[in-house]
Each structure stands twice: as structure tokens, then as C-alpha cells.
Amino acid sequence: MDDEKTIKVDYLARVEGEGAFHVKIKNDKVQEAKLNIFEPPRFFEAFLRDRIITEAPDITARICGICPVAYQMSSTHAIEKALGINVDAPIRNLRRLLYCGEWIESHSLHVYFLHAPDFLGMQDALEIAKVHPEVVKNALKLKKAGNAIVKLVGGREIHPINVKIGGFYKSIEIKQMDELQRNLKDVKQITYDTLQFCSTLEFPDYEQDYTFVSLRHEDEYPMNEGRLVSNKGLDIDSDQYEDYFQETHMPHSTTLHSTLNNDLFFTGPLARFNLNFDKLPEALQKLALKSGLERNCKNPFKSILVRSVELIYAVEEAIRIIDEYKKPDMPSVSYKMKAAEGSAITEAPRGILYHRYLFDEKGLIRDAKIVAPTSHNQKIMEHDLFHLAQKFVDLPEEELTWKCEQTIRNYDPCISCATHFLKLDIDRS
Amino acid sequence: MKQLEAPGVCRIIGIGNRYRSDDGVGPRAIDLLRNKRLSLVELYEAGDDLTGLIQTWSKNDSVICIDAVQSDSDVGRIHRLNLLSDKLDNISLRFSTHSFDPVQVARLATQLNLEPSKFYLYGIEADNFSWGEELTPEVQKSMKKVVDEIVLYCNLEIS
């Protein structure tokens, strides 16, 4: 008689938005693994049509409460590219500072509140707070330092409003940066403690031969700019993205599944780290290797270590930018409207975010395409679910379910973003 | 001699994304409350991540959160919870649509000894979370009722 079972999680906790997963196992062989995303489709690309391009940064920032800066940056860069706008160095630096703020906010939330409980065998951050209240208080302090950057540079913490095509609505006085700088210097040690804490975690023995995809910039660890590269030879500009990347609708999910030449790929902190290791400061490279990361890390569970490395990087980069900050002569550069089309990719905390806009001579958007990091990672998450469930098929059901959930959280999926999109379902039949 | 404590502020927090239909009920309630010109009241709009909220209040403040919830009740139903005294163990994680919901925030704040003196949640049963700026009529009606209750509460607290 066949031994069939389904492992099923109807509501996946500690992710942003709603989703589930389902793993079907027959005679100890995994038959299928599906990640179901069932937030209703959000149709924001259609919503953008006939809106003026100047509204795009504010509208797209509303797509996600966790990574609004990424949406503002991808939309702004795409439109500026179409119009041939080049911003001055001080504006570029302010944008990088804003992105540092979002990485700090998002990574500290994910490391401590969403992912660390998995490694500690705890249900949530509440349990961590019972055992290590100071650790959680420090995590909140770190996150607050990120929020403060977004609040000052972005105009407010939630859905920032200060970004515009050509720069910012209002530039920041040097004096306003003082408190921000004090906060950052105050939390710098917390980022090192975070990496130390994460280096003590135990990581499941699981590696795959992934195709990692991320931005790569000549001079810096990528956030806002760069070419799109992979560890398997991809090296393209954002204008070529749609020649290489495809989106397919899958019946079990409301997010589109993205592929690279019809194959799987992996985006996010681990991909950025592997493809841009040499762009990290030398001292941080050494520390990363000492913490348990490899030069080419293929274990997705170690993403929590990479996020900790990126937390150190983002705080130190923000401190550097503020130290060197010069107020822009004008908060934004002027431009002439024309009919045009442009695309851009930036590095959201959870991976690459693609935007393309086609607009007319009045600046009215005729077509928009947005591909979120969670859409990019949906197929690789299902791939990992399948292979991990097979590797650990002998584990008791509760433990296997736990590992499957942890696998998905390696990717820090933001379901609200991806819905065009999480609840787990393991079927042992 | 016992040190005098600064009087607490009533902090009202609207949670959600106003571009996701009913999820915007919290921020829209804050818009209505802004027009009521309440004294000793601070109004906030929070997005999807609520962990940062813990650092917005002090121990002697009162906090009221307004959020869209999904608990398989009738659309528009108002759930009134005292997050410091109600038994919350049976509250489903799906009660709120956010990764870290107000119930978890209350538990975490209490665990860290950072809880306000009073902490209430008005949860309005929602229906539609798709892209859009309209509230479902039942949610709209309940939002107005919640705003009236909060105004009454604030006025009573001050008097």
C-alpha cells in the first residue's frame, strides 16, 4: 500500500503578507512542493497607467510598507534614465543614505524578529525577549536608527514622500544630520554583536548549485546602480532585462513566477554577497569569513549571516556618507519632459527590483512593468522546499514542517510586494 | 519624596496601507480624527511593520490602535480588545494582516517592560485587500463608529 502524506501549512507566520505551502510526499519521495500566494492580485501596474510620471515614486512606495525606498529608487532611476537625467553627486549620496536606512530597518526586522527564532527553536521574538530581553531591545534600537534615516531623508518613516524625479523635494541641512550620525555611531557596536550572535547559530547542511543574480557596480557594494550579473556569465544592462527574464503565471499563486532564460535563479543578500564580496571593505570581508561564511556560499540558511554583514556595511556606509555630506546646491535637477521609455534595477533588501515605464510627451504613463524580489525568488523557494524536504524526509513531521518554513524565510519573502502574492502544506500521501 | 511623573499622552495609531482598500481603514480613521482637533492626543500612521511602534510611547501613555482584521466574522464587525488585560492566547495570527501584529506588539512591549499604561485595539473586520483606495461600505460605516467612540473616550479621559 502506498504511504502518502501531505505537509500543509495554511498560514505561514513571520513573513509579510499571506501565503501557504504544500509538500506532497509518496513512499518517502517528494512529489511536489508548491508555495501558494493568495493575497488578491494588486494590479498596480494598471493603476499607474494614465498617471503622470512624477506620481510614480509616491504611488509605487505604497506597494510595500517594508521596502518603500526600493520602489521609489527603482521608479525614479527608470524614469530619469528615460529622460536622460543625471543627478549630482550629493543627491546620489543622499539616495544611497536613504537606501542604507531601508536595509538597516528591513534586515534588523528580519534577522531578529522573523528569522532568528527559527534557529533558536523558538516560536517568535517574544520567546527571545523572555530569555534575552537586552538583545531584543538592541534590535529595536538598531531598527530605530534605520527608521530615523528614512524619516529625515525620505520625509517620513512610512511611505516616504521626499523623493522626486531629479532628486528630492527638500534637501537636508548638515546640522540635521548630527543626530542621525550620533544614533548610527551608537548602534554600530550592535551590528557587530548581531554578526557575533548569528555566527553561533547552527545551520542545516544544505547546499545547491544556484545561479546567483545581483547588481554589480564598479566602485561600490550595489544598492541603486550597476549591471545585472550572475555567477554563470550574465552581464547585462537593465534595458536588456526582458530579453533574458520571463514571467509565467502559475495557477496556484497570484504572483508571477520569474525565470532567467526559463531557468531558476536566486536573488537577495546571499547573491549580492557572493557576487560583490570584493566590494566589501577588507576588514568586513575577513570578519564575514571568520563568522562562518565562505567566499562563495551556497547554503541559503546562511542568508541570516549575510544580512548581519550587510547591517554592519549599511551602518558604516551611512556614517561615511554623513561624514562627507555636502548639502546639494539645489535639491533636484531640472529636466525637460519628452516621450520616452526607461528601466532600472535596484537592490531591495530582499533582492533585485525591476521597473520599466513607457510614457508620452506629457509624461503620462502608457505602460509600466514592475517585478518584485519575491516574484524573482518564488521558483527557487519552491525548488528549495522540494530538495530540502527530500533531504530531511526522515525527520518527524513537526520538525520537517519547521525546516520547510525556515527554508522559505531564508528568502525574507515580502508577499504584499509580490502580489500580482504566503500560507505551508506538506502532503505525505 | 516621590518624583512627579509627566502626564501621559493618548497616542492613536492607524495601521495599514491606504492603497490596499480595506487595509487603509486605520490611516483613514486617523484622517477623520485629525479634523476633530482633540487635545493631548498624538495621531500616527503606521504601515506594515509595527515593531517600531514600541518606541513611540512612554509607560504612562494610553495607546489606541485601529487596524483592519480578518477573523472570518461579518465584514464591518468591530473587535474591541484591551491588549494589556484581555486573554489573548487564543487570538489567531491571522487576526491582523501584518507580519508583526498589534497583539504581538503588546506582548513584546509587556515582555520588555515597555508597555503603555493603557493599550486598546479597535479591529475592523475587512473584506477587500486588493489595490485601490475605496473602503467596503460596511468597513466605512464601522470606521466612523470607531472614530466617534475614540473621540468620546478622549473627551472623557481629559474631563
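Above this text sits the structure in question.
Residues numbered from 1 in each chain as written. Chains lettered and ligands numbered in written order. Predicted model: local features only at pLDDT ≥ 70, side-chain atom pairs only at ≥ 80, totals over all residues.

A. Structural detail: the overall build of chain A. Along its length, chain A carries 14 helices and 14 strands. Since a compact globule built from 429 residues should have a radius of gyration of about 22 Å, the 21 Å found for chain A is in line with a globular shape. Taking the principal axes of the C-alpha coordinates as reference, chain A spans close to 75 × 45 × 35 Å. Counting only residues that meet the buried cut, chain A has 55% of its 429 residues in that class. (Helix = DSSP H or I, 4+ residues; strand = E, 2+ residues; numbered from the N terminus. Rg over C-alpha atoms; globule rule 2.2 N^0.38 Å. Buried ≥ 20, exposed ≤ 12 C-beta atoms within 10 Å, placed from the backbone.)

B. Molecular detail of helix α3 (residues 68-83) of chain A. Compared with the 22 Å implied by 1.5 Å per residue over 16 residues, the 23 Å span of α3(A) between its first and last C-alpha is a close match. Burial analysis of α3(A) places 15 of its 16 residues in the buried class, the great majority of the element. (Expected span 1.5 Å × (residues − 1).)

C. Seen up close, the sheet that holds strand β7 (residues 227-230) of chain A. All names here are of chain A. The strand order across the open sheet formed by 3 strands is β6-β7-β8, and the pairing between neighbours is antiparallel. With partners counted over all chains shown, the strands left at the sheet margins are β6 (213-216) and β8 (235-236), one partner each. In this sheet, β8 lies alongside β7 in antiparallel orientation, the contact comprising 2 bridges. What sits directly across from L228, in β8, is I236. The strands that helix α9 (residues 269-276) touches are β6 and β7; relative to β6, the one it contacts most, it runs at about 50°. (Pairing = 2+ DSSP bridges. Contact = placed C-beta atoms within 7 Å. Axes fitted to C-alpha atoms, helices over the stretch in contact; angles between N-to-C directions.)

D. View of the sheet that holds strand β11 (residues 340-348) of chain A. All names here are of chain A. Strand order in the open sheet formed by 3 strands is β11-β12-β13, and the pairing between neighbours is antiparallel. Single-partner strands in this sheet number two, and they are β11 and β13 (365-371). The sheet shows a mean angle of 10° between the axes of neighbouring strands, direction not considered. With 9 bridges connecting them, β11 and strand β12 (residues 351-359) associate as antiparallel partners. Considered in β12, the bridge of I345 is made with Y354. Here α3 sits on the sheet and contacts β11 and β12; the angle it forms with β11, its principal contact strand, is near 150°.

E. Here's a closer look at helix α2 (residues 102-111) of chain B. With 8 of 10 residues buried, α2(B) lies mostly within the body of the structure. Buried residues of α2(B): B:P102, B:V103, B:Q104, B:V105, B:A106, B:R107, B:L108 and B:A109, and no others. Buried-residue contacts for α2(B) involve α5 (125-131) of chain A together with β1 (10-15), β3 (62-69) and β5 (118-125) of chain B. One or two positions beyond α2(B), positive phi appears at B:N113, with a value near 60°.

F. Focus on unusual backbone geometry. Residue and element names in this part refer to chain A. Phi at D50 is positive, roughly 75°, even though this residue is not glycine. On the secondary structure map, D50 appears in the loop between α1 (44-48) and α2 (56-61). If you check the backbone angles, N262 has positive phi at about 60° while not being a glycine.

G. Expanded view of the environment of A:P328. By secondary structure assignment, the location of A:P328 is in the loop between α11 (303-323) and β11. Spatially, the C-alpha atoms of A:P328 and A:R366 are 33 Å apart, while their sequence positions differ by 38 residues.

H. Highlighting the pairing of β3(B). All names here are of chain B. In terms of residue burial, β3 counts as a mostly covered element, since 8 of its 8 residues are buried. Residue alternation in β3 divides its side chains into two sets, S62, I64, I66 and A68 and V63, C65, D67 and V69, and both sets are buried. Here β1 runs beside β3; their pairing, made up of 5 bridges, is parallel. Looking at β3, one finds that R11 is bridged to V63.

I. View of the pairing of β1(B). Residue and element names in this part refer to chain B. Among the 6 residues of β1, 6 are classified as buried, and the element is accordingly described as predominantly covered. Side-chain alternation along β1 places C10, I12 and G14 on one buried face and R11, I13 and I15 on a second face that is also buried. Note: β1 against strand β2 (residues 41-46), 6 bridges, orientation parallel. For I12, the partnering residue across the bridge sits in β2 and is L43. The parallel pair β1 and β2, bridged by helix α1 (residues 25-34), forms a crossover whose chirality is right-handed. (Right-handed = clockwise from strand over helix to strand, strands pointing away.)

J. Broad picture of the environment of A:P68. All names here are of chain A. With respect to the helices, strands and loops of the structure, P68 is situated in helix α3. We classify P68 as buried; it has 28 C-beta atoms within 10 Å. Taking the C-alpha atoms as reference points, P68 and M381, separated by 313 residues in sequence, lie 23 Å from one another.

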